[in-house]
Amino acid sequence: MSTTPHRNARQRLAAPTAAMLPRIGDSLSFLYIDVARIVQDDTGVKALFQLGDDTRRVALPTAALGCLLLGPGVSITTRALSTLARHGTTVVCTGTAGVRCYTATVPDSLPTRWLETQARAWADDTQRTAVARRMYLHRFGDTAPSDATIAQLRGLEGQRMKVLYRMLAERNGVRPFKRSYAPDDWDAQDPVNRALSAANTCLYGITHAAINAIGCAPGLGFVHTGTSNSFVYDIADLYKAQLTLPLAFTLHDSTDPDGQARRSFRDGLRLFKLLPRIVADIQTLLEPDDGTRQEDAQDATEELVDLWDPDFGRIAGGTNYGHH
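Everything numeric here is computed off the predicted structure, so don't read it as measured data. (Residues numbered from 1 in each chain as written. Predicted model: local features only at pLDDT ≥ 70, side-chain atom pairs only at ≥ 80, totals over all residues. Heavy atoms only, no water.)

A.B. asks: Would you mind going over the packing of aromatic side chains in detail, with residue names and values included?
C.D. replies: Following the criterion strictly, the structure yields 4 aromatic pairs and no others. Where phenylalanine 177 meets phenylalanine 249, the ring centres are 4.8 Å apart and the plane angle is 65°; that geometry is what we call edge-to-face. In this pair, phenylalanine 177 is assigned in the loop between α4 (150–172) and α5 (191–213) and phenylalanine 249 in helix α7 (residues 244–250), connecting sequence segments 72 residues apart. Of the two residues, phenylalanine 177 and phenylalanine 249, both sit in the buried class. Taken together, a centroid distance of 5.0 Å and an interplanar angle of 65° make the contact between tyrosine 204 and tyrosine 233 edge-to-face. Remark: tyrosine 233 occurs in helix α6 (residues 230–236) and tyrosine 204 occurs in helix α5; sequence separation between them is 29 residues. (Phe/Tyr/Trp six-rings, centres within 6.5 Å; stacked < 30°, edge-to-face > 60°. Helix = DSSP H or I, 4+ residues; strand = E, 2+ residues; numbered from the N terminus. Buried < 20%, exposed > 50% of the residue type's maximum accessible area, 1.4 Å probe, protein only.)

Written out as structure tokens, the structure is:
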């Protein structure tokens, strides 16, 4: 690997309690917080929750956190953001119930090996088509025709999702079901759609963190296009059938489907180990393993900046070429 991912509505506007935060030792993939102030003090980053006249201070496990989702009612200081960036934690600002993603931070001093690989593949129609095909085939396994076009694969994917929706609905006694996403009318949606939207947002946050961790560009998508998160949607779609869809349908009778979806999704990821898998899948999709990954892992630990030459390509940085 080129690098390892770093350690890691209105939400009813009820004040979170300390018991809602998982233990530091859980090695979190993500953490969602709303209605709080996040600050840095002499001992670390703390979330301050106002509980009546009392202020509860809860330490955040920044060194073990891949992604921090900040919901409505959160303020954060520059010092706290600096600490999160130093630990490689992606910070995502979300909307109501953690559904909309407005912006995300990018850790500094990232290697560009995989960004350049992604950009070259994205800019070349032949290579872009090959990557898009690998993305579709990743979901199908060996069931898709090897000579299928992108249009045919897109149609097969649509059929596959319809079958999956129908199967999960029948299994959980949810009929009829229609997928909808209405953030402007959040509370009017059925529990499955609310749970699915909330779980998908968590998945997008973790995917964004993994993409940032290896230095790729979230906006350069191969299947999706036209948004600053196109590549995030490309990669997240690889895992929805395994992770977010089955979870959402099990919450069809939940009174708090979005909150329960986030907590259950987080708990499930302890076994799934999603961040390392995303990194490995991105690298394989962009460039099937050619045996150089071990070198990349070593190079990624050194913060080196090379120079580009039209005749020789990459040449060593940190060298004075005035005598040439």
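Okay, back to it.
A.B. asks: Give a detailed account of the nonpolar core, specifying residues and quantitative values.
C.D. replies: If you look at the biggest cluster of nonpolar residues, it comprises 50 residues, and the most contacted ones within it are Phe231, Ile235 and Ile282. With 11 residues, α5 is the single largest residue contributor to this core. Apart from residues lying up to four places away in sequence, isoleucine 235 is in contact with Met135, Thr207, Ile211, Ile278, Ile282 and Leu285. Counting 15 residues, the second largest nonpolar core, distinct from the first, contains Leu31, Ala36, Leu65 and Leu68. (Core = buried A, V, L, I, M, F, W, Y, C linked by side-chain atoms within 4.5 Å. Contact = heavy atoms within 4.5 Å.)

A.B. asks: Give a detailed account of the environment of phenylalanine 231, specifying residues and quantitative values.
C.D. replies: Along the polypeptide, phenylalanine 231 turns up in helix α6. The class of phenylalanine 231 is buried, set by a relative accessible area of 1%. Along the backbone, phenylalanine 231 and cysteine 216 are 15 residues apart, and their C-alpha atoms lie at a distance of 8.9 Å. Beyond its immediate sequence surroundings of up to four residues, phenylalanine 231 is in contact with Gln118, Met135, Ile211, Cys216, Ala217, Pro218, Gly219, Leu220, Gly221, Phe222, Ile282 and Leu286.

A.B. asks: Just give me the short version of the confidence of the model for the chain, but keep the residues and values in it.
C.D. replies: The share of residues in the chain with pLDDT of 70 or more is 74%, and the mean pLDDT across the chain is 79. Mean pLDDT across the elements of the chain ranges from a minimum in helix α10 (residues 293–299), with 43, to a maximum in strand β2 (residues 36–41), with 96. Predicted confidence is poor over residues 294–304, with pLDDT under 50, and the contacts of this stretch with residues over four places away or in other chains come to 10 contacts. (pLDDT = per-residue confidence, 0-100.)

A.B. asks: Can you explain the packing of α5 against helix α9 (residues 274–286)? Please cite residues and give values.
C.D. replies: With their axes 9 Å apart at the nearest point, α5 and α9 run at an angle of 55° to one another. Regarding the angle of α5 to α9, the classification is oblique. Here α5 runs over α9; the crossing is right-handed. In this structure, α5 uses Leu203, Ile206, Thr207, Ala209, Ala210 and Ile211 to contact α9, whose residues at the interface are Leu274, Leu275, Ile278, Val279 and Ile282. Taken together, the residues that form the contact of α5 with α9 break down as 10 nonpolar, 1 polar and no charged. (Axes fitted to C-alpha atoms, helices over the stretch in contact; angles between N-to-C directions. Parallel < 35°, antiparallel > 145°, perpendicular 65-115°, else oblique. Left-handed = near helix turned anticlockwise from the far one by under 90°. Nonpolar A, V, L, I, M, F, W, Y, C, P; charged D, E, K, R; others polar.)

A.B. asks: Break down the sheet that holds strand β4 (residues 54–59) for me, citing the residues and quoting the values.
C.D. replies: Hydrogen bonding along the main chain pairs the strands of a sheet, whether they run parallel or antiparallel. The 4 strands lie next to each other as β4-β3-β2-β6, forming an open sheet whose pairing is mixed. Edge strands, defined here as strands with exactly one partner in the open sheet, are β4 and β6 (74–76). For this sheet, the mean inter-axis angle between neighbouring strands, taken without regard to orientation, is 25°. As paired elements, β2 and β6 share 3 bridges and run parallel to each other. Pairing of arginine 37 across the sheet is with serine 75, part of β6. Helix α1 (residues 78–86) rests against β2, β3 (44–51) and β6 of the sheet, and its axis sits at about 75° to β2. (Pairing = 2+ DSSP bridges.)

A.B. asks: Please give an account of the pattern of salt bridges that cites residues and values.
C.D. replies: Considering all chains together, one arrives at 9 salt bridges under this definition. Arginine 160 is paired through a salt bridge with glutamate 157; the nearest N and O atoms lie 2.9 Å apart. Of this pair, arginine 160 and glutamate 157 are both found in helix α4, 3 residues apart, which corresponds to roughly one turn of the helix. Of the residues examined, glutamate 157 reaches a relative accessible area of 9% and is grouped as buried. Salt bridges here are not isolated pairs; linked through shared partners, they connect Asp41, Lys46 and Arg57. (Salt bridge = Lys/Arg side-chain N within 4 Å of Asp/Glu carboxyl O.)

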